[in-house]
Every structure is written in structure tokens, then in C-alpha cells.
Amino acid sequence: MSWSIVEVARMSGVTKRTLRHYDEIGLLPPAGVRSNGYRFYDQTQLLRLQQILVLRELDLGLDEIAAILDRQTDRLVALREHHARLLCERDRLDRVVHTVARTIEELQAQEGTPGMSQINRPENLFEGFDPSRYEPDALKRWPDQAEAFERSKAYTDSLSAEEIERMQKETTAAMIRMAELMASGTPVGDAAVQSEIDAAYQLLSATWTPDAQMFKQLAQTYLDDPSATASFDQIAPGLAAYYRDAMVVFADIRLT
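Throughout what follows, the structure given in this document is the object of discussion.

1. Quick word on the sheet that holds strand S2 (residues 32-33)
Spatial strand order, S1-S3-S2: 3 strands in an open sheet with antiparallel pairing. Of all strands in the sheet, those with a lone pairing partner are strand S1 (3-4) and S2, marking the two edges.

2. Looking at the pattern of salt bridges
If the charged atoms of two oppositely charged side chains come close together, the side chains can form a pair. Within the structure shown, the criterion is met by 6 salt bridges. A salt bridge links Asp-252 to Lys-216; its shortest N-O distance comes to 2.5 Å. In this pair, Asp-252 sits in helix H12 (residues 239-254) while Lys-216 sits in helix H10 (residues 212-224), placing the two residues 36 residues apart along the sequence. We classify Asp-252 as partly exposed; its relative accessible area is 40%. A salt bridge links Asp-245 to Arg-244, with the nearest nitrogen and oxygen atoms 2.6 Å apart.

3. Concerning the packing of aromatic side chains
For any two aromatic rings, the description comes down to two numbers: the centre-to-centre distance and the angle of the planes. Throughout the structure, instances matching the rule amount to 6 aromatic pairs. Taking 5.2 Å as the distance between ring centres and 90° as the angle between the ring planes, the aromatic pair formed by Tyr-201 and Phe-215 counts as edge-to-face. Of this pair, Tyr-201 sits in helix H9 (residues 191-204) while Phe-215 sits in helix H10, and the two are 14 residues apart along the sequence. Per residue, the accessibility class of Tyr-201 equals that of Phe-215, and both read buried. Both rings, one in Tyr-222 and one in Phe-232, keep their centres 4.6 Å apart while their planes meet at 40°; by these two values the pair is tilted. Taken together, the residues Tyr-222 in helix H10 and Phe-232 in helix H11 (residues 226-233) connect sequence positions 10 residues apart. By relative accessible area, which is 17% here, Tyr-222 ends up buried. Site record: aromatic cluster; members linked through ring pairs are Tyr-201, Phe-215 and Phe-250.

Reading guide: rules and limits
Residues numbered from 1 in each chain as written. Predicted model: local features only at pLDDT ≥ 70, side-chain atom pairs only at ≥ 80, totals over all residues. Heavy atoms only, no water. Pairing = 2+ DSSP bridges. Helix = DSSP H or I, 4+ residues; strand = E, 2+ residues; numbered from the N terminus. Salt bridge = Lys/Arg side-chain N within 4 Å of Asp/Glu carboxyl O. Buried < 20%, exposed > 50% of the residue type's maximum accessible area, 1.4 Å probe, protein only. Phe/Tyr/Trp six-rings, centres within 6.5 Å; stacked < 30°, edge-to-face > 60°.

Printed below as a string of C-alpha cells:
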């Protein structure tokens, strides 16, 4: 049994244009082409398309997907591996959902209460989030720093769960201190603010030492990346911009 490209597009939700692109790059060639020039697909292609979509759900690029599919020898084993990865991703997303729901409940319960007491345990704000998901964007911005990012990833991967939790708590505590400085109207060039930025820079320098321009670009991502902005601004509205401005001052004074 075979299916036309129109039928495959309808059943999979993948557009005909995308299917033709997958054919052009060798990722999903059709089973054949009929005399009228139309592509057709059989069960083998449908199973391969399912794997492509599964791996896309795991945020893999097309080149990486092609490499994975081309080296697999047992389709059933591969599907079991994909299934296991999806379960891990589902569990991670469940933790993120729980984190956001818990934050909403705490904020609603204390709505209108001034100060940072609105969040009982700030370290819980980031439970379930995976910072490594943002590394591809950083590599695109600074491709010449690939080796440094690899060292950073290797360092992070070497940490125990307890060490990662401790770092998350320390980072959140620093963000709260910055939020308190912002709330008190402390200028970003003040020594107390710059001391916090210096501590963050020293931590970053353990695996990657950005120059002034890179540090400013990193600071700008806190506003350009909505997920990064939200991470700061759920501590205190405007905190992402406050960090950005403080980092720019630090770069001008300390890194030039």
C-alpha cells in the first residue's frame, strides 16, 4: 500500500513543501515517483517520518536527525530509545508546569503584598528548567567560542545534582539581592551593584571569559530572549533591564 504526498501531508500534519524539502536534502526520499511525476510513500517512509517528527520534538536539527537515522540498524530498538527520551522530556516539562503553577499559587495567595516575601522559596522558581537548551543560541552568536562552551558544558555535566541545586540557589539569591538594590533605587554603577556583577563574571570566567563586547551582548540577550527576560522579571519586574545596564557599566569599566 502506498500514499501520495497529499495524503501523507494530511495524515501527518507536515506540509507538502516540507516533505519535498526532506526529499531534496535526502532526509526522507519517497518510495518512488509515478509516471505523472507525483511522489508516493509506503510504510517504510511513514515510519521514518514518524521518527523525524519525534526527534524534532526533542529539538534536534535536521542534520543530526539524518545522522541518527542513517546509522540505526534496528528500527524497533531506535523507537524504544526515542520513547525513553520522550518520557524524560515529558517528565522535565511536567516539572516546569508544576514550577509555574506553584509560582502562580504563591503570587495569588499573597497578591498585593509588597516586597520579595511573595516567593517563599525563590530557588524553586527554576525547578525543571534546562539551561543547556539555550546553548545553541549562544553558539550562533559566538561561533568562535565553541570550545569554551564545550568546556562549560563538560563542567556542568560533571556536577552532581546537589551541586547544581546549590548553584541554582546561589544564583537566585544573587538575583534577589539585585532586585532589592533595584527596588531601593541604587544606580547600576554603584559599588554594591557592581560587586554582584563581578561575582557573576567570576563564576562565568571559570569556563568562559568573555571580553567587553561579548559581555555586553550577553547582557542584551536578557532582554532579547523572552524566556531569559521572564526568568529575571518573575523575581522583580524590570530586573532583566537592570542587570543589562549594570553589566554594560561593568564591561566599560572593568573589561576595556
